[in-house]
Amino acid sequence: MLCIKSCHHQRTALRTTITAKQHTTAAAACKRAFTSFSSSIARPSLKTPVRLRPLHYTTARVPCHYFSSTSSKMAPPPASAHEFLDFVNASPTPYHAVQTATSLLQKAGFHPISERTPWTPSTISPGGKYYLTRNASSLIAFAVGSRWSPGNPIAMIGAHTDSPCLRVKPVSKRTANGYLQVGVETYGGGIWHSWFDRDLSVAGRVLVRVKEGGFEQRLVRVEKPIVRIPSLAIHLHRQSNFDPNKEEEMVPIAGLVEEVLNKKGDVEEGEEEEFEPLKAIDERHHSEFLKLIAKEAGVDKVEDVQDFELILYDTQKAVLGGMNEEFIYSGRLDNLDMTFCAVKALIGSVKDGKGLEEETGIRLVACFDHEEIGSLSAHGADSNLLPAVLRRLSVLPGVDGNQQSESNETAFEQTLAKSFLISADMAHAVHPNYAGKYERNHQPQMNKGTVIKINANQRYATNSPGIVLVKECARRKGVPLQLFVVKNDSPCGSTIGPMLSAKLGVRTLDLGNPQLAMHSIREMGGSWDVEHAIGLFEGFLEGYGGLEGGLVVD
């Protein structure tokens, strides 16, 4: 085989492969084709192949690219992309996302703690790794540096666990024209037409009565498709636009009425019913639906199901896509992509007990519920969750047990003044079919790095000192970055960044991995950007303590 290699200033490599039998004719053709730059090409031997070295981006973590005259091939996706697929496929709801994340943390040696108990030196100490949850849908995990002292800085990454979805109503029992239907409520700002004609099921949490007389929360997930929202046939809807009424035209179909009527009921005649302050649960929801939920919750009787919070999800698994698996096709990329990357980075920054010996601060990740609906809840980013945790951490005794009582009264304020928050929420990649919707000089691309988001009207909390800090962290880890600004004639979304920045007075920067189809039931991201974000977050958590003092802007 004969390989002829050529590289030019645009960093592309052209490779032409010729079989031994055809090399005489092909060599002549190649000579004519490459005459203009033949002086820059080493003349290869026809017997010995010239091996192409992988062409790298400017950084170590970015994938190598190989190009040929007929196709372009990207290096295989990193292991982290496959790990993310496992994470998102196991996390159809915020409750499952927190459960999956805590499993990763436990395997990495993080210990569970509770807000309900005192945080004494025997509970939390320098060099330790811990996590806590609130409402089973928000999570905070942190690692305390071995040289921690009260009032020292905390490097923080904030993300969120929720995504736009359809939630089962408290009274979901509906029938129409011979169909069993399940009433649902829209949550967040979804692209609702994308939920039509999908194989949907339900997952969430169920409160069940246990034999001991108490109640227990259990996570459930019905694996098989059980509901669907069919589109209206085009013959009956000739309009070019499709804007369904969310109350009347987005009601999933779960079955046929006659199928239920032909089944024998479970309640025996003459059985006395207990008083219930609310309508019995089987009056509020279809019996067949309840049987599925009870089975998933592991209870024998439907009556043991006391209440639930269930979310519809797409049963199609997240997968790698594209001709070279350069993409991720998945639901809930916004924002489980950033949740996964933040948790993995925290684990990686303290792997094998390394990284905390010389650490004077705390490395922390916070993943909140309810971002998609404004964060104003008991466990959202606008709650007291993060401030309460930071206040308790700021006064933790140092390794020598000395609390520095003379400055302990202001340790919380000192910690906030020295700390930094990365608000990690997905960003918009440029759409090739709608490029005019993007600011011409700020068009992020997939697999080209995490995107720093900037807005002069403070819809994002980014400023120049923060950019310098994050750029230095990226440089140390060898990962690329991009910039994003919306057009002046376009609305701008927001994140938890400005909210927490204002609440805490902490320096903050907004960023996220680029994606397409944000808020669709099926989104699209870059397989290599998972690795980029993990590397960037690791660099921030590991390096912030040493960088903080050099970026003081009072």
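Parameters at a glance
Residues numbered from 1 in each chain as written. Predicted model: local features only at pLDDT ≥ 70, side-chain atom pairs only at ≥ 80, totals over all residues. Heavy atoms only, no water. UniProt positions renumbered as here; feature names shortened; annotations may be inferred. Helix = DSSP H or I, 4+ residues; strand = E, 2+ residues; numbered from the N terminus. Expected span 1.5 Å × (residues − 1). Bend = angle between axes of the 7 residues up to and from the residue. Buried < 20%, exposed > 50% of the residue type's maximum accessible area, 1.4 Å probe, protein only. 1 Å grid on protein atoms, 1.4 Å probe; cavity = no way out; pocket = protein on both sides within 12 Å on 5 of 7 lines; lining within 4 Å. Points joined across faces, edges and corners; volume = space filled by probe spheres on them. Pairing = 2+ DSSP bridges. Contact = heavy atoms within 4.5 Å. Axes fitted to C-alpha atoms, helices over the stretch in contact; angles between N-to-C directions. Parallel < 35°, antiparallel > 145°, perpendicular 65-115°, else oblique. Left-handed = near helix turned anticlockwise from the far one by under 90°. Nonpolar A, V, L, I, M, F, W, Y, C, P; charged D, E, K, R; others polar. Core = buried A, V, L, I, M, F, W, Y, C linked by side-chain atoms within 4.5 Å. Phe/Tyr/Trp six-rings, centres within 6.5 Å; stacked < 30°, edge-to-face > 60°. Lys NZ or Arg CZ within 6 Å of the ring centre and 35° of its normal.

An unreviewed UniProt entry annotates the chain as aspartyl aminopeptidase originating from Podospora anserina. Entered under Cofactor (unreviewed entry) in the UniProt record, the comment concerning the chain runs "Zn(2+)". Under the Catalytic activity (unreviewed entry) heading, UniProt states for the chain: "Release of an N-terminal aspartate or glutamate from a peptide, with a preference for aspartate."

(A) View of helix H13 (residues 527–547). When the terminal C-alpha atoms of H13 are compared, their 30 Å separation across 21 residues agrees well with the 30 Å that a helix rising 1.5 Å per residue should span. Where H13 bends most, at Leu-541, the angle is about 35°. Counting buried residues along H13, 18 of its 21 residues qualify, which places the element largely inside the surrounding structure.

(B) Spotlight on the environment of Gly-298. Structurally, Gly-298 is set in the loop between helix H6 (287–297) and strand S14 (305–314). For Gly-298, a relative accessible area of 56% gives the class exposed.

(C) Region of the structure containing the layout of surface pockets. As a volume, the second largest pocket reaches approximately 820 Å³. Taken together, 32 residues form the lining of the second largest pocket, with His-428, Tyr-438, Pro-491, Gly-493 and Met-518 sitting closest to its centre.

(D) Fine view of the sheet that holds strand S24 (residues 523–526). Pairing is mixed across the open sheet formed by five strands, whose spatial order is S15-S16-S24-S23-S19. Since the sheet does not close on itself, it has two edges, and those belong to strand S15 (319–321) and strand S19 (427–428), each with one partner. Most of the contacts of helix H2 (residues 79–89) go to S15, to which it runs at about 135°, and overall it touches S15 and strand S16 (327–330). Contacts from H13 reach S15, S16, strand S23 (514–516) and S24 within the one sheet, and its direction differs from that of S24 by about 60°.

(E) Region of the structure containing the packing of helix H8 (residues 385–394) against helix H10 (residues 411–418). At a minimum axis distance of 8 Å, the contact between H8 and H10 shows a crossing angle of 110°. With respect to each other, H8 and H10 are oriented roughly perpendicular. In this structure, the crossing between H8 and H10 has a hand that is right-handed. Counting all contacts with H8, which are made through Pro-387, Leu-390, Arg-391 and Ser-394, the residues of H10 involved are Ala-411, Phe-412, Thr-415 and Leu-416. Of the residues that constitute the contact of H8 with H10, the class distribution is five nonpolar, two polar and one charged.

(F) Summary view of the sheet that holds strand S17 (residues 362–368). Read across the open sheet, the nine strands follow the order S5-S6-S7-S17-S8-S18-S22-S20-S21; overall the sheet is mixed. Lying at the two open borders of the sheet, with one neighbouring strand each, are strand S5 (111–112) and strand S21 (481–484). The pairing of strand S18 (residues 420–424) with strand S22 (residues 507–512) spans five bridges and is parallel. Looking across to S22, one finds that Ile-422 is bridged to Leu-509. Along the sheet face, H13 touches strand S8 (154–160), S17, S18, strand S20 (450–453), S21 and S22 and points at about 150° away from the line of S8.

(G) Broad picture of the nonpolar core. Formed by 56 residues in total, the largest nonpolar core has its most connected members in Ile-157, Ile-422, Phe-537 and Phe-540. Broken down by element, this core gets its largest block of residues, 10 residues, from helix H7 (residues 333–349). Each residue touching Ile-422, except ones within four places of it in the same chain, is listed here: Met-156, Ile-157, Gly-158, Val-470, Leu-509, Leu-511, Phe-537 and Phe-540. Counting residues in each nonpolar core, the second largest holds 34 residues, with Val-184, Val-208, Ile-281 and Leu-310 among its members.

(H) Molecular detail of the packing of aromatic side chains. Going through the model one piece at a time under the given rule, you end up with 11 aromatic pairs. Seen in terms of ring centroids, Trp-119 and Phe-142 are 6.4 Å apart; in terms of plane orientation they differ by 40°. Their pairing is tilted. Within this pair, whereas Trp-119 is found in the loop between S5 and strand S6 (129–134), its partner Phe-142 is found in strand S7 (residues 138–144), the two being separated by 23 residues in sequence. You'll find Trp-119 and Phe-142 in the same group, each marked buried. Relative to Phe-242, the ring of Phe-196 has its centre 5.1 Å away and its plane inclined at 80°; by these criteria the two rings are edge-to-face. Placement of the pair is Phe-196 in the loop between strand S10 (179–187) and strand S11 (200–209) and Phe-242 in the loop between strand S12 (215–221) and strand S13 (253–256), with a sequence separation of 46 residues. Each residue in the set Phe-84, Phe-87 and Phe-340 is aromatic and connected to the rest through ring pairs, giving one cluster. The aromatic ring of Tyr-187 is capped on one face by Arg-167, whose charged end is 4.3 Å from the ring centroid. When the ring centre of Trp-119 is taken as origin, the NZ or CZ atom of Arg-392, which lies over that ring, is 4.1 Å away.

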